[in-house]
Amino acid sequence: MDISEVVKRSGVPASTLRFYEEKGLIQALGRQGIRRQFAASVLERLALIALGRAAGFSLDEIARMFGDDGRPEIDREQLLHKAEELDRTIVQLTAMRDGLRHAAICPAPSHMSCPTFRRLLGAAARGVIQGRKPPRP
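Computed from a predicted structure; not experimentally measured. (Residues numbered from 1 in each chain as written. Predicted model: local features only at pLDDT ≥ 70, side-chain atom pairs only at ≥ 80, totals over all residues. Heavy atoms only, no water.)

## Examining the packing of helix α5 (residues 76–105) against helix α6 (residues 115–125)
As a reminder of what qualifies: Every axis corresponds to a line fitted to the C-alpha atoms, with the helix fit spanning only the stretch in contact, and the corresponding angles, defined between N-to-C directions, vary from 0 to 180 degrees. Secondary structure elements follow DSSP: runs of H or I of four or more residues count as helices, runs of E of two or more count as strands, with numbering from the N terminus. Handedness of each helix crossing follows the sense of rotation of the near helix against the far helix: counterclockwise by less than a right angle gives left-handed, clockwise gives right-handed. By the convention used here, residues are in contact when the closest approach between their heavy atoms is within 4.5 Å. Basically, the charged four are Asp, Glu, Lys and Arg, the nonpolar ten are Ala, Val, Leu, Ile, Met, Phe, Trp, Tyr, Cys and Pro, and anything else, Gly included, counts as polar.
At their nearest, the axes of α5 and α6 sit 9 Å apart, and the two run at 145 degrees to each other. As α5 packs across α6, the resulting crossing turns out to be left-handed. Together, Ala 95, Met 96, Gly 99, Leu 100, His 102 and Ala 103 of α5 and Thr 116, Phe 117 and Leu 120 of α6 make up the contact between the two elements. By residue class, the composition of the contact of α5 with α6 is six nonpolar, three polar and no charged.

This is the structure we're talking about:
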C-alpha cells in the first residue's frame, strides 16, 4: 500500500511516517513514482509504536523492541520497569489533583495560608511532584 493509504488507515501523518523510517522504526518496500510503498504489516508495527509511545517509551526504546527480522522482541523486565514508573507517576498526579481540588475550595483567606497548599508547594520544591517523567533509579 502506498503512503497515503497508510496515513488514511493508521491516522499517522506522512511526515511522522517519514521520520519513523529515518529512525529505522518502519521500512518502506520501495517507491512507485514518488510515493513510498509499505507492506500491510506496517499497520501493526505502527500500532505497537503508538502503544509504546502512550506508555511513555522513547522512540529509541521502542526501536530496541524489534529484532533484526523486524518482529517484536519485547523485554518483559523493561515492561515491568515501565509499569512501576507509571505507578509512581500516578501517585504524583493523584496528589497533584487532590491538592488542586483542595486549593479550589479551601476556605483559607489565601492559598499561601492554606496548610495543604503549602505542603503541595513544598513537595514541588523538593521535586517530589514534577511536570516530567520521574528519573529512573
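## Notes on a negative patch on the surface
Put simply, the test is: Each patch groups residues whose relative accessible area exceeds 30% and which form no salt bridge, using 9 Å between like charges and 5 Å between nonpolar side chains of Val, Leu, Ile, Met, Phe, Trp and Tyr. Accessible surface area values rest on a Shrake-Rupley calculation with a 1.4 Å probe, where residue burial reflects the displayed protein chains alone. Salt bridge, as applied in this entry: a Lys or Arg side-chain nitrogen positioned within 4 Å of an Asp or Glu carboxyl oxygen. Charge assignment: positive for Lys and Arg, negative for Asp and Glu; neither His nor the chain ends contribute. Here the site of a charge means atom NZ of a Lys, CZ of an Arg, CG of an Asp or CD of a Glu. The buried label goes to any residue with under 20% of its type's maximum accessible area, the exposed label to any with over 50%, and the partly exposed label to all in between, with areas taken from a 1.4 Å probe on protein chains only.
On the surface, Asp 75, Glu 77, Glu 84 and Asp 87 cluster together into a negatively charged patch. Locating Glu 77 in the fold gives a position in helix α5. Note on Glu 77: relative accessible area 56%, which makes it exposed.

## Here's the deal with the environment of Ile 49
Along the chain, the position of Ile 49 falls in helix α3 (residues 42–55). Along the primary structure Ile 49 and Gln 78 are separated by 29 residues, whereas in three dimensions their C-alpha atoms are 15 Å apart. Residues within four places of Ile 49 in sequence aside, it is in contact with Tyr 20, Leu 25, Ile 26, Leu 59, Ile 62 and Phe 66.

## Observations concerning the packing of aromatic side chains
The condition is simple: In summary, the pairing rule links any two rings of Phe, Tyr or Trp, Trp by its six-membered ring, whose centres are within 6.5 Å, and it sorts them by plane angle into stacked for under 30 degrees, edge-to-face for over 60 and tilted for everything else. To sit over a ring, a charge needs its Lys NZ or Arg CZ within 6 Å of the ring centre and within 35 degrees of the ring normal.
Within this structure, the stated rule accounts for one aromatic pair. On the basis of an interplanar angle of 45 degrees and a centroid distance of 6.5 Å, the ring pair of Phe 19 and Tyr 20 is categorised as tilted. Classification of Tyr 20 by relative accessible area gives buried; the value is 12%. In this structure, Arg 45 packs its charged tip against the face of Phe 66, placed 3.7 Å from the ring centre. If you follow Lys 82 out to its NZ or CZ, it ends over the ring of Phe 57, 4.9 Å from the centre.

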